[in-house]
Amino acid sequence: MALINIATHEIHCKIVYYGIGFCGKTTNLQYVFKSINPSVRGEMLSIATETERTLFFDFLPLDLGTIHGFRTRLHLYTVPGQILYERTRLAVLNGADGIVFVVDSQAEKFEENVQSIAELEMNLRRLGKDVTNFPLVIQWNKRDLPSAVPVAVLDRYLNRRCLPSYEAVASAGKGVYATLRAISKGIMMQL
Amino acid sequence: MEQLTNLIISDDELDSITHVLQKLMNDTSATSVMLLDKSGQVISTQGMSTKRNATSLGALLAGAFSSSRHIAELLGEKDFRTIFQQGVHENIYTTMVEEQWLLVIVFDKLTHIGLVKVLSKKTSEELVNTLERVRADTNHQKSSVLNIQFRSSVEDTIDLLFRD
């Protein structure tokens, strides 16, 4: 739930990047962190294992500056993707205003992606969100890999709601900002 | 009732929150007191020790709290409504304000945990009333902030800042 503080003239929104392990959620945040104007971003926080797998979440606060007198801030989070962290994902989703579902386009990851989006919808219902109306965008990541499934096929099985979707190669920055723009605008429309 | 997608805190309500937090801080001699939304956003922070890292602290404390509630569920416990983190110098006591906010008290060895528990419960009850007013008032306040001009400017800003 977005927080609008009239006294301090601030608006805060929470965006969560969701998806299977190694699909590129953290990579999206890392790309934004290293490429965006430093005055826009705060410190990036990562709670990861020794092997750099996300254990709890990554966190990147962005400050869009003052818009019509309101300092507008977006807080970007990732969830840990590995199956065993299901409860942790639910904990991080708490209070989210919008979600980016990152898909690993590789054929061998197809089934995992299908399970993960079903889990996301279930988790949103558990949190009392109306899934048909909740800001959600899909990112087809790893489009550069040889075993990438055609987007039309991914779209048919993973995007039955016809949500906005974007092709990406997050490691190279491709599609990262298009996705971020879409979810940010989606959230602002719903405020 | 329409599901709220945001909470709008007015000047008056923030004044009242600040007053309540300040009083709790003085009465317990805590080093800092914070009020967070369950999403990790900071509503108000009083005292020096949390000011500098308030944003990161908000995200981490809310994450830890949310995680502990799931632990409760797995243990068949109805709920963990508080967390106590004990350090060598600083301690943190976190408690829920309904299902929406978290009241966080940071204190050192000069303050007894019993005092923090009792007074934070009282403060939490006062904040429940504030939360109810904020919820009731949010829809009225919405149009004054989130008007067409704001929405159009925010879209322009997003296009400007988030470009390849």
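The residue numbering used here restarts from 1 in each chain and proceeds along that chain's sequence as written. Chain labels run from A onward and ligand labels from 1 onward, assigned in the order the entries are written. In keeping with the model being predicted, local features are shown solely for residues with a pLDDT of at least 70 and side-chain atom pairs are shown and tallied solely at 80 or more, while totals for entire chains, interfaces and linings include all residues. Water and hydrogen atoms play no part in the side-chain values, which are based on all heavy atoms of the structure.

A. Representation of the overall build of chain A in the model. Secondary structure assignment for chain A yields five helices and eight strands. Element order for chain A, N to C, with α for helix and β for strand: β-β-α-β-β-β-α-β-α-β-α-β-α. The globule rule is 2.2 Å times the number of residues to the power 0.38, and the radius of gyration it is compared with is taken over C-alpha atoms. For a compact globule of 191 residues, the expected C-alpha radius of gyration is about 16 Å, and chain A comes in at 16 Å, within 12% of that figure. When its C-alpha atoms are laid out on the principal axes, chain A stretches across 50 × 35 × 30 Å. Residue contacts follow a heavy-atom distance rule, with two residues in contact if any of their heavy atoms lie within 4.5 Å. Residue pairs in contact within chain A that sit at least 24 positions apart in sequence constitute 69% of those at least 6 positions apart. Here chain A displays about 7,600 Å² of accessible surface, and carbon together with sulfur accounts for 52% of that area. Asp and Glu are treated as the negative residues and Lys and Arg as the positive ones, with His and the ends of the chain left uncounted. By convention, the point assigned to a charge is CZ for Arg, NZ for Lys, CD for Glu and CG for Asp. For chain A, the centre of its 21 positive side-chain charges and the centre of its 18 negative side-chain charges are spaced 3 Å apart. We count a stretch as a helix when DSSP gives it H or I for four or more residues in a row; a strand needs E for two or more, and each element gets its number in order from the N terminus. Note on areas: these come from Shrake-Rupley sampling with a 1.4 Å probe, and a residue is covered only by the protein chains present in the view.

B. Quick look at the interface of chain B and chain A. On the side of chain A, 49 residues touch chain B, which itself brings 46 residues to the contact. Taken together, the two surfaces of chain B and chain A that pack against each other cover about 4,300 Å², and 64% of this comes from carbon and sulfur. Buried surface area refers to the total accessible area, computed with a probe of radius 1.4 Å, that the two partners give up upon joining, counted for both partners together. Contact with chain A buries surface across chain B, with Q41(B), F150(B) and F162(B) losing the most and accounting together for 17% of the total. When a carboxyl oxygen of Asp or Glu lies within 4 Å of a side-chain nitrogen of Lys or Arg, that pair is called a salt bridge. Summed over the shared surface of chain B and chain A, the number is two salt bridges. Of the charged contacts, one joins R87(A) and E73(B) as a salt bridge, the two residues approaching to 3.0 Å between their closest N and O atoms. Counted as a polar contact is a pair of N or O atoms within 3.5 Å, where, for protein atoms, one must be capable of donating a hydrogen and the other of accepting one, and residues adjacent in sequence contribute only when both atoms are in side chains. Applying the counting criterion to the chain B and chain A interface returns 15 residue pairs in polar contact (both at pLDDT 80 or more). Looking at the side of chain B that touches chain A, the elements with two or more residues in it are β1 (6-9), α1 (11-28), β3 (42-46), α2 (54-74), α3 (113-145) and α4 (148-161) of chain B. Top element by residues in the side of chain B that touches chain A is α2(B). It accounts for 11 residues.

C. Quick peek at helix α1 (residues 25-35) of chain A. In this scheme, a residue with accessible area under 20% of its type's maximum is buried, one over 50% is exposed, and one in between is partly exposed, where area comes from a 1.4 Å probe on protein chains only. The complete set of buried residues in α1(A) reads K25(A), T26(A), N28(A), L29(A), Y31(A) and V32(A). Lining the buried residues of α1(A) we find β2 (10-18), β4 (54-67), β5 (70-78), β6 (98-104), β7 (136-141) and α5 (176-190) of chain A.

D. Examining the side chain of T95(B) more closely. Positionally, T95(B) belongs in strand β5 (residues 90-97). Setting aside residues no more than four positions away along its own chain, T95(B) makes contact with F65(B), R81(B), T82(B), W101(B), L102(B), L103(B) and S120(B).

E. Just the sheet that holds strand β4 (residues 82-86) of chain B, in detail. Residues and elements named next belong to chain B. The sheet built from five strands is open, its strands ordered β3-β2-β6-β5-β4 with antiparallel pairing. Two strands close off the open sheet at either side, each with one partner strand: β3 and β4. If you compare each strand with its neighbour and ignore which way they point, the axes differ by 10° on average. The pairing criterion is simple: DSSP has to find at least two bridges between the two strands. Note that β5 and strand β6 (residues 101-108) share eight bridges and pair antiparallel. Each bridged residue has a counterpart across the sheet, and for T95 the counterpart in β6 is L103. Orientation is described by lines fitted to C-alpha atoms, with helices fitted over the stretch in contact, and by angles between N-to-C directions that extend from 0 to 180 degrees. Contacts between α1 and the sheet are confined to β2 (32-37), β3 and β6, with β3 contributing the most and set at about 40° to the helix.

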